[in-house]
Every structure is written in C-alpha cells, then in structure tokens.
Amino acid sequence: MSGKVSRVTGAILPALLLGLIGALSGCSSSCTGDPRTDNYFCAQRNMGAYQNQVSQKQQAAENLQDENVQLQRQNQDLAAQKQGLNRQIDKISGELRNLDTELNTLNTRIQKARSNSQVDQQRLAQAQRELQRVQDQTKLAQTDTSGALAQRQAELDRLKQRTKQLEADIDAILQAH
C-alpha cells in the first residue's frame, strides 16, 4: 500500500506544483499595473514600476507648475506693456484734442479777418481751405484708432508741423495790412 500512496503522492505532487506555479504565473496576466487593484504578488513585483510612474507624474506636475509660473510672469509683463501703450495712446489722443482746439482758434481768427477789407482776402481764403484740410485730418486721426502707435505719433507730429506753418502763414497775412 505504501507503493500506491507514493505513486498517488508522486502523481499529485507534481500536479499541485504545476497548479501553484500556474496560479503564481497567472498574476502576470492579471497584473494591471495599478497597485490599487493588483494582488499582493503583482504589487510586490511591480513596486519599482509603480515608483517610477509616481516619479514621472511628480516631475510632470513640477514642470507644469514651472510653466504656470513662467506664464504668469509673461502675463504680468504683457499687462504692464499694455498699460504703457494705453498711456501713450491717451497722450496722443489728448494732444490731438489740443491740436483741434488750436485749429478752432485759428479758424476764429480767420473769420474775424474776413470782415477786414485791408486783409488780402484771396490769401485768407486759401489759408482757410488749408485750415479745413488740417482740421479734417485731425478729426480723422482722432477717430482712427486702428493704426499702430508709431503711425499715430507720426501723424500727430505731421499735423502739428502743418498747424505751426499754417499759423505762421495766417500771422503773415494778418500783419501785411
């Protein structure tokens, strides 16, 4: 009987070992890579992989935080630049309004001189037409905000120069009498 037991044991033992090995190797096919759902043996075996995943995610989070800080700085720089540009635009707009006021004053002087028969009326009419052109261009420059800041400044400078020349011409016409 001991021979039968050893034969049965000899046949069962390898089958049990194969089953145990199969069960243990079966975890490799049921390992998900997620320590929350993997069984103990899978989790134990994949501990290095889990730590690597955590390290990669931490590094990605740090990179995103660094990028966020950089973007916030850029945003602050852009806001400061925008503020500076708005101040310059406001300055140019104010100067254009002042120029329009000067032109209105010159127009008033011309209107008063129209009643003076001693003033060269032909030159005065020519000066008034030029004044009207400069006023129209000034009003256009005030309403056209689509141009670049440098273009607006250049137009303002050109209009100021034309206004000074026009004022000098009007003074010369009025002093000629």
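Figured I'd write up the structure that's included with this text.

The rules behind the values
- Residues numbered from 1 in each chain as written.
- Predicted model: local features only at pLDDT ≥ 70, side-chain atom pairs only at ≥ 80, totals over all residues.
- Heavy atoms only, no water.
- Helix = DSSP H or I, 4+ residues; strand = E, 2+ residues; numbered from the N terminus.
- Contact = heavy atoms within 4.5 Å.
- Polar contact = N/O pair within 3.5 Å; in protein donor to acceptor, adjacent residues only side chain to side chain.
- Expected span 1.5 Å × (residues − 1).
- Buried < 20%, exposed > 50% of the residue type's maximum accessible area, 1.4 Å probe, protein only.
- Salt bridge = Lys/Arg side-chain N within 4 Å of Asp/Glu carboxyl O.
- Axes fitted to C-alpha atoms, helices over the stretch in contact; angles between N-to-C directions.
- Parallel < 35°, antiparallel > 145°, perpendicular 65-115°, else oblique.
- Left-handed = near helix turned anticlockwise from the far one by under 90°.
- Nonpolar A, V, L, I, M, F, W, Y, C, P; charged D, E, K, R; others polar.

## Looking at the environment of Arg-162
So, step 1. Mapped onto the secondary structure, Arg-162 falls in helix α5 (residues 149–175).
So, step 2. Taking the C-alpha atoms as reference points, Arg-162 and Val-134, separated by 28 residues in sequence, lie 7.4 Å from one another.
So, step 3. Once residues within four sequence positions are removed from consideration, Arg-162 is found in contact with Glu-130, Arg-133, Val-134 and Gln-137.
So, step 4. Polar side-chain contacts of Arg-162 include one of 2.5 Å to the side chain of Gln-137.

## Focus: helix α4 (residues 121–143)
So, step 1. The end-to-end C-alpha distance of α4, which contains 23 residues, comes to 33 Å, matching closely the 33 Å that a straight helix rising 1.5 Å per residue would cover.
So, step 2. Those residues of α4 not exposed but buried are Leu-124, Ala-125, Ala-127, Gln-128, Leu-131, Val-134, Gln-135, Thr-138 and Ala-141.
So, step 3. The backbone nitrogen of Gln-122 has a side-chain oxygen 3.2 Å away, supplied by the residue at the start of α4, namely Asp-120.

## Digging into the pattern of salt bridges
So, step 1. Taken as a whole and judged by the stated rule, the model has 8 salt bridges.
So, step 2. With a shortest N-O distance of 3.2 Å, Lys-139 and Asp-100 are connected by a salt bridge. Of this pair, Lys-139 sits in helix α4 while Asp-100 sits in helix α3 (residues 47–114), and the two are 39 residues apart along the sequence.
So, step 3. We classify Lys-139 as partly exposed; its relative accessible area is 40%.
So, step 4. Using a relative accessible area of 12% as the deciding quantity, one classes Asp-100 as buried.
So, step 5. Linked through salt bridges whose partners overlap, the residues forming this network are Lys-91, Glu-95 and Lys-160.

## Observations regarding the packing of α3 against α5
So, step 1. Axis separation between α3 and α5 bottoms out at 10 Å; the angle between their running directions is 20°. Judged on the interaxial angle alone, α5 and α3 are roughly parallel. The crossing of α3 and α5 is left-handed.
So, step 2. Residue composition of the contact of α3 with α5, by class: 14 nonpolar, 4 polar and 7 charged.

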